[in-house]
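Chain by chain, the residues:
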Amino acid sequence: MDGPRSYVLWAHNGSMTHSVTNSRTGRPCRALVLTGGGARAAYQVGVIKAVAELVPKGAPLPFRVLCGTSAGAIVGSVLAAHADDFHAGAVIIERFWSHFRVGQVWRNDLRSVAKAALRWFGALCTGGALVRPPHSLFDNAPLRITLESHVNFARIQHSLHRGDLDALAVIASPYHGARSRAYYMSRDDQGVHPDRWQGGVPTHLTIDHLMASAAVPFLFPAVHLEDGFYGDGAMRQIEPLAPAINLGADRVLIVGVRPGQHSAQATMAAPLMEPSFGQIFGFMLDTLFMSSMREDLDRIERDNRLLAVTGTLSSEIRPIQAMLIEPSEDPGDVVAAHAPFMPFAVRMLMRFLGAANRGGRLLLSYLLFEGAYAQKLIELGYRDAMARRDELQSFLSNEE
């Protein structure tokens, strides 16, 4: 699986995913699946920018279903609010992400960072008896303010009612459950079978759902939803394609933020040395966002062969075309030149954690919400998508 590639798959009603009846006929139902990845989501913005250039200006969103996890849920929600004009939505999401700053995600002033660090130290020294440990390393209250000013759920609801969008799904993981859940808003006539899709929860999406989906463990506090506390949607996301398929998609464009297998092997070839805490935490964060997408695709591909042999097709089993785009370069290498843009207090914290050297690039690549770094990832996503222009145009066509 070196680099991006396409798949022709079949949806089925086995243990992995359950298909639904597509209420619309005559045209394919396309879905955009955006994985989690913190600051790396800027890469997804670049891919969206490229796709927008392949459709006429003023045309509506070419994706009937949007599914997002963590930072990908934020990108998808902003896009859903402008489903009536895809090109305009792509411009807005690029402007939004290009001007992102760390201070819009968590409090990064010296006082806030020092207060959190001292509280952790005090809790450690007293065993939690005199000083209770904080719920997270960072206070992400600024993120809620940022989302409230940039994500318009009223417009999203209007997009659904007007028919420019079939469904928007936000993935979050309960700390009291075994699997992630897909909270979604959909059109009234969307053919979802709740008895066959246990992970889907129809609801009116709010900022809380986005905050929960992006609540990276240890870094940000858990968020209370209807039935308990939730964290980052990338946790225990066993079936990343299930939400899109269950919401009616028969063509799925997946945009990941981790490099292909070839780039990953190149990273593994670096000289061995004892890792610092920051490097270990970066590795853990990278593991969190290591989507099971490839396993999901492989599983369906195996079922493809079985279906081809047995020929057990029915009205509930339909072909699914899935296209995967992921970085051709490692964002960990891209971030090196932009590490100085991290706020002073955060740089000091990274140095304390041992993440200020080459080994800490992995952690920084997920945390550096800064415009210059974001613009480089947007450029990378744009180039990677345009390198597959013909495939994308075929994907966007209405031909079978």
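(A) Focus on empty space enclosed by the protein. Using the criterion set out here, one finds two cavities of 30 Å³ or more in the structure. Of the pockets and cavities examined, the largest cavity occupies roughly 160 Å³. Forming the walls of the largest cavity are 17 residues, and the residues nearest its centre are Gly38, Ala71, Ala214, Phe220 and Phe369. A breakdown of the residues in the lining of the largest cavity according to their chemical character gives 15 nonpolar, two polar and no charged.

(B) Representation of the confidence of the model for the chain within the structure. The predicted model of the chain has a mean per-residue pLDDT of 82, with 80% of residues at 70 or higher. Note that residues 1-25 has pLDDT below 50 and, in this model, 92 contacts with residues that lie over four places away or in other chains. The model gives residues 262-269 a pLDDT under 50, and that stretch makes three contacts with residues more than four places away or in other chains.

(C) Here's a closer look at the pairing of strand E3 (residues 65-69). Counting buried positions over the five residues of E3 gives five, a clear majority of the element. The alternating pattern of E3 places Val65, Cys67 and Thr69 and Leu66 and Gly68 on opposite faces, both of which are buried. Looking at chain direction, strand E2 (residues 30-34) and E3 are connected through four bridges and run parallel. If you follow Ala31 over to E3, its bridge partner there is Val65. Read as a crossover between parallel neighbours, the route from E2 over helix H1 (residues 42-53) to E3 is right-handed. The sheet contact formed by E3 and strand E4 (residues 167-174) spans five bridges and is parallel. For Cys67, the partnering residue across the bridge sits in E4 and is Ala169.

(D) Representation of the environment of Gly332 in the model. Along the chain, the position of Gly332 falls in helix H12 (residues 331-334). C-alpha of Gly332 to C-alpha of Arg40: the two residues are 292 residues apart in sequence and 9.6 Å apart in space. The residues touching Gly332, leaving out its near neighbours within four places in the chain, are Arg40, Arg361 and Ser365.

(E) Representation of a positive patch on the surface within the structure. A contiguous patch of positive charge on the surface is contributed by Arg111, Lys115, Arg119 and Arg132. The topology assignment puts Arg132 in the loop between helix H4 (110-126) and helix H5 (141-150).

(F) Geometry of the pattern of salt bridges. Inspection of the entire model under this criterion finds 14 salt bridges. Linking Arg155 and Asp84 is a salt bridge whose minimum nitrogen-to-oxygen distance equals 3.6 Å. Of this pair, Arg155 sits in helix H6 (residues 153-162) while Asp84 sits in the loop between helix H2 (71-80) and helix H3 (86-98); the two residues are 71 residues apart in sequence, bridging distant segments of the chain. Taking relative accessible area as the criterion, Arg155 reaches 34% and is therefore assigned partly exposed. You can call Asp84 partly exposed: its relative accessible area is 31%.

(G) Here's a closer look at the packing of aromatic side chains. Scanning the entire structure with this criterion turns up ten aromatic pairs. Relative to Phe86, the ring of Phe63 lies with its centre 6.3 Å away and its plane at 85 degrees, an arrangement referred to as edge-to-face. On the criterion of sequence distance, the pair formed by Phe63 in the loop between H1 and E3 and Phe86 in helix H3 is long-range, its members being 23 residues apart. For the pair Phe63 and Phe86, a shared accessibility class is recorded, and that class is buried. Taken together, a centroid distance of 4.5 Å and an interplanar angle of 20 degrees make the contact between Trp106 and Phe138 stacked.

(H) Structural detail: a nonpolar patch on the surface. Judged by side-chain polarity, Leu110, Phe344 and Met348 come together as a nonpolar surface patch covering roughly 300 Å² of accessible area. Within the secondary structure, Met348 is located in helix H13 (residues 344-353).

(I) Representation of the packing of H1 against H3. Put simply, H1 and H3 touch, their axes get as near as 9 Å, and they point 155 degrees apart. Taken together, the axes of H1 and H3 lie roughly antiparallel to each other. Helix-helix and strand crossings are classified by hand; for H1 and H3 the assignment is left-handed. Contacts from Ala42, Val45, Ile48, Lys49, Val51 and Ala52 of H1 reach H3 at Phe86, His87, Ala90, Ile93, Glu94 and Trp97. Residue classes in the contact of H1 with H3 are distributed as nine nonpolar, one polar and two charged.

Rules used throughout
Residues numbered from 1 in each chain as written. Predicted model: local features only at pLDDT ≥ 70, side-chain atom pairs only at ≥ 80, totals over all residues. Heavy atoms only, no water. 1 Å grid on protein atoms, 1.4 Å probe; cavity = no way out; pocket = protein on both sides within 12 Å on 5 of 7 lines; lining within 4 Å. Points joined across faces, edges and corners; volume = space filled by probe spheres on them. Nonpolar A, V, L, I, M, F, W, Y, C, P; charged D, E, K, R; others polar. pLDDT = per-residue confidence, 0-100. Contact = heavy atoms within 4.5 Å. Buried < 20%, exposed > 50% of the residue type's maximum accessible area, 1.4 Å probe, protein only. Helix = DSSP H or I, 4+ residues; strand = E, 2+ residues; numbered from the N terminus. Pairing = 2+ DSSP bridges. Right-handed = clockwise from strand over helix to strand, strands pointing away. Patch = residues over 30% accessible without salt bridge, like charges linked within 9 Å, V, L, I, M, F, W, Y side chains within 5 Å. Areas by Shrake-Rupley, 256 points an atom, 1.4 Å probe, with all protein chains shown as cover. Salt bridge = Lys/Arg side-chain N within 4 Å of Asp/Glu carboxyl O. Lys, Arg positive; Asp, Glu negative; His and termini not counted. Charge placed at Lys NZ, Arg CZ, Asp CG, Glu CD. Phe/Tyr/Trp six-rings, centres within 6.5 Å; stacked < 30°, edge-to-face > 60°. Axes fitted to C-alpha atoms, helices over the stretch in contact; angles between N-to-C directions. Parallel < 35°, antiparallel > 145°, perpendicular 65-115°, else oblique. Left-handed = near helix turned anticlockwise from the far one by under 90°.

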